[in-house]
Amino acid sequence: MATTQTLEEFYQQKFNWLPENLQQDIGHFNVFRLEDSLAGVHGTVPFKYSRRDFYKINLVRGKTLYHYADKSIELDGTALMFFNPHVPYTFEPLSDERTGFFCIFKEGFFTERMRGNINELPMFAPGGKPSYMLNKEQDEHISQIFTKMLDEIGSDYKYKYDLLMNYVTEIIHYAMKMTPMDTLYKHPDAKSRITSVFTELLERQFPIESTSQRFTLRSAKDFADQLSVHVNHLNRAIKDTTGKTTTEHIAERLVGEAKALLKHTDWNISEISYCLGFEEPAHFNNFFKKQTKVTPSSFRTV
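For clarity, every value in this text was computed on a predicted model and none was experimentally measured. (Residues numbered from 1 in each chain as written. Predicted model: local features only at pLDDT ≥ 70, side-chain atom pairs only at ≥ 80, totals over all residues. Heavy atoms only, no water.)

Caption draft 1: Spatial organisation of the packing of aromatic side chains. Under the definition given, this model contains 16 aromatic pairs. With 5.5 Å between their ring centres and 25° between their planes, Tyr66 and Phe83 make a pair best called stacked. One end of the pair, Tyr66, is in strand E4 (residues 55–68); the other, Phe83, is in strand E5 (residues 71–83), with 17 residues separating them in the sequence. Ring centres 5.7 Å apart and planes at 85° place the aromatic pair Phe82 and Phe124 in the edge-to-face group. (Phe/Tyr/Trp six-rings, centres within 6.5 Å; stacked < 30°, edge-to-face > 60°. Helix = DSSP H or I, 4+ residues; strand = E, 2+ residues; numbered from the N terminus.)

Caption draft 2: Region of interest: the side chain of Glu257. With respect to the helices and strands, the residue Glu257 is situated in helix H9 (residues 246–264). Here Glu257 is in contact with Phe206, Pro207, Ile208 and Leu276, once residues within four sequence places are set aside. (Contact = heavy atoms within 4.5 Å.)

Caption draft 3: Spotlight on unusual backbone geometry. The residue after Phe206, namely Pro207, is reached through a cis peptide bond having omega 0°. The phi dihedral of Lys293 is positive, around 75°, even though this residue is not glycine.

Caption draft 4: Geometry of the environment of Glu152. Mapped onto the elements of the fold, Glu152 is located in helix H4 (residues 136–153). Separated by 121 residues in the primary sequence, Glu152 and Val31 place their C-alpha atoms 9.8 Å from one another. With sequence-adjacent residues up to four places away left out, Glu152 is seen in contact with Tyr157, Lys160, Leu163 and Leu164.

Caption draft 5: Fine view of the environment of His264. Here His264 is to be found in helix H9. The spatial distance from the C-alpha of His264 to the C-alpha of Arg300 is 9.3 Å, given a sequence separation of 36 residues.

In short, the description is geometric, and any link to function would need to be established separately.
Printed below as a string of structure tokens:
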């Protein structure tokens, strides 16, 4: 299962330091030259396949193989890449000559300054295409924006983060006017990758912490739609990788959360039933008894 790299881990791994305001700044933003982050990296060792808990926009020059969800993208030239916290990724450098820029930010950086959901943008949406190849003129244009970011991040201008948000938005709109790359191909390890993404999506819905929260991805088709793959492809990948069906994984996780809510909250059965996505308490009772051989009420009193 893919792990999730936090901002703290990113800074420690890349630069061995932490920004002083990292814990306080929910809408964290920073920008770097790619060469600076690779200063301690030598050769062509692949980076860890994992989710990050932040967004990333990356302009990279050179030959690189990116693994993104259950697909791979081979780049040779200049590419503009968009990564979100919901999909694990990594890349394998295929040459030592890698230059470019990247910026990282938490969702709050975007939502505090703009209306709308960043995950609805095509490059960040589930199943979206995150890569755009750039010609020389486009490379120069995006590089100039990143250079402005680098200049601004070190300034003491009171409204610099609003200006930085404008630069990020300019890059996003510039990309949306382009045609994303279609050269995605299934990686030999695609089954394990899609299983990892499924597991991440499943786990991201838990724990249930209030009676207003609801488990919404309840079926194999729900997950397949979210991942933009056919449900049969998802089912085969998960079965071949884990030996269990998609439905079995969902049911096991639901039962585990149901047990925790029954034992550690004073919510009534109807409230727990609603939170776990059941339309009627009777449906929840039948599901729980089928999985555990006891009713929810009986389990709570044991």
